[in-house]
Structure formats: C-alpha cells, structure tokens
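# Summary of the model geometry
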Amino acid sequence: MSAWYVFSALGVYPQTPGTATLLLGAPVFPAAVVDRPGRADLVITAPAADDRHQYIDAVRLNGLPLQRSWTDTGLLRTGGRLDFRLAVEPNTEWATNPGTLPK
C-alpha cells in the first residue's frame with residue numbers, strides 16, 4: 001500500500017500493477033527525482049503543488065505538450081521529464097479527447 005501512496009504523491013501510478021503505463025494525477029511535491037542507477041532519471045516538476053492546486057492544467061513530457069492523462073512504457077524504459085502545470089480549477093479541455101484514453 002505504501003508504494004501506491006508514493007506513486008500517487010509523485011503524480012504517476014501504474015494503470016495496472018506490474019505494467020509500465022502510468023496514469024497521471026496532480027503531484028503533491030513541487031519537484032522530485034526518481035534516481036535510476038545506471039539509467040536516465042525520471043524528473044517530475046509541479047511548481048504550484050500545494051493544497052489549493054489540485055487539478056492538472058497542462059503537462060509537458062520531455063518538453064513537449066502531452067494531451068493525454070497517461071504515459072506509455074517509454075517514460076519508464078528511457079527516463080525523462082514530466083512538467084505539470086497545476087491549477088485551482090479543473091481544465092475541462094486537457095486530456096478529454098476520447099481517442100487519447102489509455103489502452
């Protein structure tokens with residue numbers, strides 16, 4: 001159970017246990033680095049993370065806009081960077097396209 005809290009606090013968690021597809025949620029830390037010895041780290045930033053900014057307004061994956069609420073296996077395989085922009089109100093436009101739902 002503690003691993004699920006850690007994943008959730010980072011703003012990512014496995015869609016299915018044992019898989020590398022990660023669903024996105026609002027991180028509770030402004031920044032975190034998942035150190036992966038011998039491989040590229042996973043860097044997560046959410047500068048506005050606090051108890052008021054509970055909603056994802058936008059996400060960038062390795063500097064590019066991400067318009068879906070999940071990442072594929074590539075992020076865990078190669079490492080990378082997730083930059084979250086959080087908001088006080090929900091963004092009803094972000095990641096709402098039915099064609100971008102996780103598989």
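Below, the structure is looked at part by part. (Residues numbered from 1 in each chain as written. Predicted model: local features only at pLDDT ≥ 70, side-chain atom pairs only at ≥ 80, totals over all residues. Heavy atoms only, no water.)

## Thoughts on the overall build of the chain
Broken down by element type, the chain carries two helices and eight strands. Listing the helices and strands of the chain from first to last along the sequence gives α-β-β-β-β-β-β-β-α-β. Its C-alpha atoms give the chain a radius of gyration of 13 Å, within 12% of the compact-globule value 13 Å for 103 residues. Among the 103 residues that make up the chain, the fraction classed as buried is 36%. (Helix = DSSP H or I, 4+ residues; strand = E, 2+ residues; numbered from the N terminus. Rg over C-alpha atoms; globule rule 2.2 N^0.38 Å. Buried < 20%, exposed > 50% of the residue type's maximum accessible area, 1.4 Å probe, protein only.)

## Points about the sheet that holds strand β1 (residues 12–14)
The antiparallel open sheet is built from three strands, whose spatial order is β1-β2-β7. At either end of the open sheet lies a strand with only one pairing partner, and these are β1 and β7 (70–71). Pairing analysis gives three bridges linking β1 to strand β2 (residues 22–24), with the strands arranged antiparallel. Pairing of Pro14 across the sheet is with Leu22, part of β2. (Pairing = 2+ DSSP bridges.)

## Comments concerning the sheet that holds strand β8 (residues 80–87)
The strand order across the open sheet built from five strands is β3-β4-β8-β5-β6, with neighbouring strands paired in mixed fashion. Of all strands in the sheet, those bounded by a partner on one side alone are β3 (31–34) and β6 (64–66). Adjacent strand axes in the sheet meet at a mean angle of 20°, parallel and antiparallel pairs treated alike. Sheet topology places strand β4 (residues 42–45) next to β8; four bridges connect them, and they run parallel. In the strand pairing of β8, Val43 is matched with Arg81. (Axes fitted to C-alpha atoms, helices over the stretch in contact; angles between N-to-C directions.)

## A word on the pairing of β4
Across four bridges, the pairing between β3 and β4 is antiparallel. The residue of β4 that forms the bridge with Val33 is Val43.

## Here's the deal with the pattern of salt bridges
All chains considered together, the criterion is met by two salt bridges. One salt bridge connects Asp57 with Arg85, and the closest N-O pair in it is separated by 2.8 Å. A residue pair is termed long-range when its members are at least 10 positions apart, and Asp57 in strand β5 (residues 55–61) and Arg85 in strand β8 qualify at 28 residues. Its salt-bridge partner being Asp83, residue Arg81 comes within 3.0 Å of it at the nearest N-O pair. Since its relative accessible area comes to 17%, Asp83 is described here as buried. (Salt bridge = Lys/Arg side-chain N within 4 Å of Asp/Glu carboxyl O.)

## Some remarks on a nonpolar patch on the surface
On the surface, Tyr5, Val6, Val28 and Phe29 cluster together to form a nonpolar patch covering roughly 400 Å² of accessible area. By the secondary structure assignment, Phe29 is in the loop between β2 and β3. By relative accessible area, Phe29 is classed as partly exposed at 38%. (Patch = residues over 30% accessible without salt bridge, like charges linked within 9 Å, V, L, I, M, F, W, Y side chains within 5 Å. Areas by Shrake-Rupley, 256 points an atom, 1.4 Å probe, with all protein chains shown as cover.)

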